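# Coordinate inspection notes
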Amino acid sequence: MGYVKDRFKAKADEQNKEIKSIIEQHGNMVVGDVTLAQVYQGMRGITGLVTETSLLDANEGIRFRGFSIPELREKLPKAEGGQEPLPEGLFYLMLIGEVPTEEEVEHISETWARRSHVPNYVFDVIEALPVSAHPMTQFIAAILALQTQSRFAKAYTEGISKKDHWNYVYEDTMDLIARLPRVAAYIYRRKYKGGDHIQPDGMLDWSANFAHMLGFDEESFKELMRLYLTIHSDHEGGNVSAHATHLVGSALSDPFLSFAAGMAGLAGPLHGLANQEVIRWIEEMCKELNSDQPTKEQIADYIHKTLTEGKVVPGYGHAVLRKTDPRFTAQMEFAKRHCPDDPTVKTVWNIYEVAPPILESTGKIKNPWPNVDAHSGALLKHYGLVEEEFYTVLFGVSRALGVLASLCWDRALGFPLERPKSITTEWAKKFVTAGEKVPE
Ligand code: HAX
């Protein structure tokens, strides 16, 4: 692994110099104004973070180190005979900033396979929870149990220079990513397959081995996993899971603790849990209408009903995006190739035709278009992974790639403790009356 680590360090040293010079020469340039409405309304649109791994454009969608999802699907190395990118390659791209060669991707695959051993006490921690516990609860508990192995936490206790933080964070990152599929598959087999666990196959790539341990050995499911684990990995820095990981990491909490915080955020229904909610919403609609393929008129009526009941239509809307999420489109393309006649997939496509004008007509929903979560469940269900409560764990395994690559950058660039200023409404009232900044 030395090669990738050395390349990362060299890139980070270069970047550090550039950042120093930007701050020295242009540190006083104003990036944007902040309005009171933004302060109250979820800080939307406030530029306040640096995340090197990806950048989101409201209309175009996500770009990873400058590459769009269609470009990633074309340029990143693939498994033999496969068409989808290997997420190992995306991790390399996010970390190093360059498209990797096949050998580099293979190297990462092998490293993760070698580091994937999960100690038994982690499984004991999972087993101590009731089997009814939500898979995300089990996942977060297991990540915290893995934390006992943190090389960063150990080294920090022993006393290390700030200059070496990145080194241990990098090692923890590689260990944690390597172990997550085993932990996630264990939770799946425990909860839904009576504890009939499947041993890892160290000859497979990261995604294929994950599919295998979940119990799905069909080649096209492995391809789906490669695509899924690639496209869910990163969405710049302000989303809840990325921001939480970064924020907690800024206190020099180790990567395990930081990632557990990110996963607690991903488990919220307005964020990663939306993939579970989408399938539930579709299934409830089908049940109510007694049909596995409701008509567009029936779907429209059901959307109106959902809105009238004061609920959100899951899988639609976004805090930043203002067009169809390219991650939705990538999954739609996959479905067109692999399962165009699946009834749930067809329903997802019908919702895509019907929902946007209805959501737009409310006049308040800023983005009426589908996000990543609108499509993923239908694909998983097609292959027999029907337990929707588990879907957010799959998202979490993928999200590790982006947020942990970012955490390596955070420490390599020596980013400080994050501590924005907050106000009270009392302060806001005085501010409004005085028309200018009032002292605390
Ligand atoms: N259905 C119904 N109402 C919606 C809506 C939807 N899909 N999307 C937004 N709205 C509502 C908001 O609840 C808000 O209503 P109030 O003013 O009454 O509070 C109003 O429209 C304005 O919201 P917005 O500015 O358009 O959206 P936000 O930035 O506040 O929220 C959300 C973005 C993603 C949370 C929102 O669109 C939503 O709740 N969508 C459904 C849940 C979902 O799919 N989440 C996954 C998002 C992608 C992701 O992170 N995946 O992990």
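Before any of the text, the structure's been laid out above.
Summary of the structure given here.

Analysis parameters
- Residues numbered from 1 in each chain as written.
- Predicted model: local features only at pLDDT ≥ 70, side-chain atom pairs only at ≥ 80, totals over all residues.
- Heavy atoms only, no water.
- Helix = DSSP H or I, 4+ residues; strand = E, 2+ residues; numbered from the N terminus.
- Rg over C-alpha atoms; globule rule 2.2 N^0.38 Å.
- Buried < 20%, exposed > 50% of the residue type's maximum accessible area, 1.4 Å probe, protein only.
- Contact = heavy atoms within 4.5 Å.
- Lys, Arg positive; Asp, Glu negative; His and termini not counted.
- Charge placed at Lys NZ, Arg CZ, Asp CG, Glu CD.
- Phe/Tyr/Trp six-rings, centres within 6.5 Å; stacked < 30°, edge-to-face > 60°.
- Salt bridge = Lys/Arg side-chain N within 4 Å of Asp/Glu carboxyl O.
- Expected span 1.5 Å × (residues − 1).
- Bend = angle between axes of the 7 residues up to and from the residue.
- Core = buried A, V, L, I, M, F, W, Y, C linked by side-chain atoms within 4.5 Å.
- Near = heavy atom within 4 Å.
- Polar contact = N/O pair within 3.5 Å; in protein donor to acceptor, adjacent residues only side chain to side chain.
- Areas by Shrake-Rupley, 256 points an atom, 1.4 Å probe, with all protein chains shown as cover.
- Nonpolar A, V, L, I, M, F, W, Y, C, P; charged D, E, K, R; others polar.
- 1 Å grid on protein atoms, 1.4 Å probe; cavity = no way out; pocket = protein on both sides within 12 Å on 5 of 7 lines; lining within 4 Å.
- Points joined across faces, edges and corners; volume = space filled by probe spheres on them.
- Axes fitted to C-alpha atoms, helices over the stretch in contact; angles between N-to-C directions.
- Parallel < 35°, antiparallel > 145°, perpendicular 65-115°, else oblique.
- Left-handed = near helix turned anticlockwise from the far one by under 90°.
- Pairing = 2+ DSSP bridges.

What follows is about the overall build of the chain. When its secondary structure is counted, the chain shows 20 helices and two strands. A globule of 440 residues ought to have a C-alpha radius of gyration of about 22 Å, and the chain, at 22 Å, matches this closely. Projected onto its principal axes, the C-alpha positions of the chain cover 65 × 65 × 45 Å. Taking all 440 residues of the chain together, 52% fall into the buried category. Of the contacts formed within the chain by residues at least 6 apart in sequence, a portion of 75% connects residues at least 24 apart. Each charge sign in the chain was given a centre, from 47 positive and 60 negative side chains, and these centres are 5 Å apart.

The next point concerns the packing of aromatic side chains. Going through the model one piece at a time under the given rule, you end up with 15 aromatic pairs. Seen in terms of ring centroids, Y188 and F216 are 6.3 Å apart; in terms of plane orientation they differ by 50 degrees. Their pairing is tilted. Residue Y188 is found in helix α9 (residues 165-192), and its partner F216 is found in the loop between α10 (206-214) and α11 (219-231); the two are separated by 28 residues along the sequence. Its relative accessible area of 0% is what places Y188 among the buried residues. A centroid spacing of 5.1 Å and a plane angle of 15 degrees characterise the contact between W427 and F431, whose relative ring orientation is stacked. Remark: F431 and W427 occur in helix α20 (residues 425-434); sequence separation between them is four residues, near one turn of the helix. Given a relative accessible area of 27%, F431 falls into the partly exposed group.

Per the stated rule, a full pass over the model turns up 31 salt bridges. Where R189 meets D196, a salt bridge forms, and the shortest distance between an N and an O atom there is 3.7 Å. Overall, R189 belongs to the buried group, its relative accessible area being 9%. Connected via shared salt-bridge partners are K5, R115, R151, E171, D175 and R179.

Quick look at unusual backbone geometry now. Notably, M43 is not glycine yet its phi reads approximately 55 degrees, a positive angle. With respect to the helices, strands and loops of the structure, M43 is situated in the loop between α2 (36-40) and β1 (54-57). Even without being glycine, E236 reaches a positive phi, approximately 50 degrees. Counting through the fold element by element, E236 comes out in the loop between α11 and α12 (240-250).

With 19 residues, helix α17 (residues 343-361) should cover 27 Å at 1.5 Å per step; its first-to-last C-alpha distance of 28 Å lies within 8% of that length. Residue A355 marks the point of greatest curvature in α17, where the axis turns by about 35 degrees; the proline P356 follows within four residues. Taken together, the buried positions of α17 are T344, V345, T347, V348, W349, N350, I351, V354, A355, P356, I358 and L359. On its buried face, α17 is in contact with α14 (274-289), α15 (296-308), α16 (326-338) and α18 (373-382).

Turning to the nonpolar core, a few remarks are in order. In terms of nonpolar packing, the biggest core is built from 113 residues, with F139, F259 and L385 touching the most fellow members. Residues contacting F259, with those up to four places away along its chain left out, are F139, I143, L176, L180, T245, G396, R399, A400, V403 and L404.

Right, let's get into the site of the ligand. In the neighbourhood of the ligand, 21 residues make up the surrounding shell, with G315, Y316, K364, K366 and D373 lying closest. Here an oxygen atom of the ligand and a side-chain polar atom of H271 are 2.9 Å apart. In isolation the ligand offers 900 Å² of accessible surface; the protein chains occlude 75% of this area. A class-by-class count of the residues in the shell around the ligand yields 10 nonpolar, six polar and five charged.

This paragraph deals with the layout of surface pockets. For the second largest pocket, the calculated volume is near 450 Å³. Around the second largest pocket, the lining is made up of 17 residues, and of these A79, E80, L86, E106 and D205 lie nearest the centre. Looking at the lining of the second largest pocket, the elements with two or more residues in it are α5 (102-114) and α11. Residue composition of the lining of the second largest pocket, by class: seven nonpolar, two polar and eight charged.

Attention now goes to the packing of α18 against helix α19 (residues 391-412). Running from amino to carboxyl end, α18 crosses α19 at an angle of 110 degrees, the nearest separation of the two axes being 11 Å. As summarised for this structure, α18 and α19 are arranged roughly perpendicular, according to the angle between their axes. At the point where α18 passes α19, the crossing takes the right-handed sense. Within the contact between the two elements, α18 uses D373, G377, L380 and K381 and α19 uses Y391, L394 and F395. Looking at the contact of α18 with α19, its residues break down into four nonpolar, one polar and two charged.

Turning our eyes to something else, we now look at empty space enclosed by the protein. A water-sized probe, rolled over the atoms, reveals where empty space remains. Summed over all chains, the structure comprises two cavities of 30 Å³ or more. Approximately 80 Å³ is the volume attributed to the largest cavity. In this structure, the largest cavity is lined by V50, T51, D234, G237, A242, T245, H246, G402, V403, S406, L407 and D410. Taken together, the elements giving at least two residues each to the lining of the largest cavity come down to α12 and α19. If one sorts the elements of the lining of the largest cavity by residue count, α19 sits on top with five residues. Looking at the lining of the largest cavity residue by residue, the classes come out as four nonpolar, six polar and two charged. Of the pockets and cavities examined, the second largest cavity occupies roughly 50 Å³.

A separate point is the pairing of β1. Every second residue of β1 is oriented toward a common face, the buried set being S54 and L56 and the non-buried set L55 and D57. In the sheet, β1 pairs with strand β2 (residues 61-64) via four bridges, with the strands oriented antiparallel. Counted as the bridge partner of L56 is I62 from β2.

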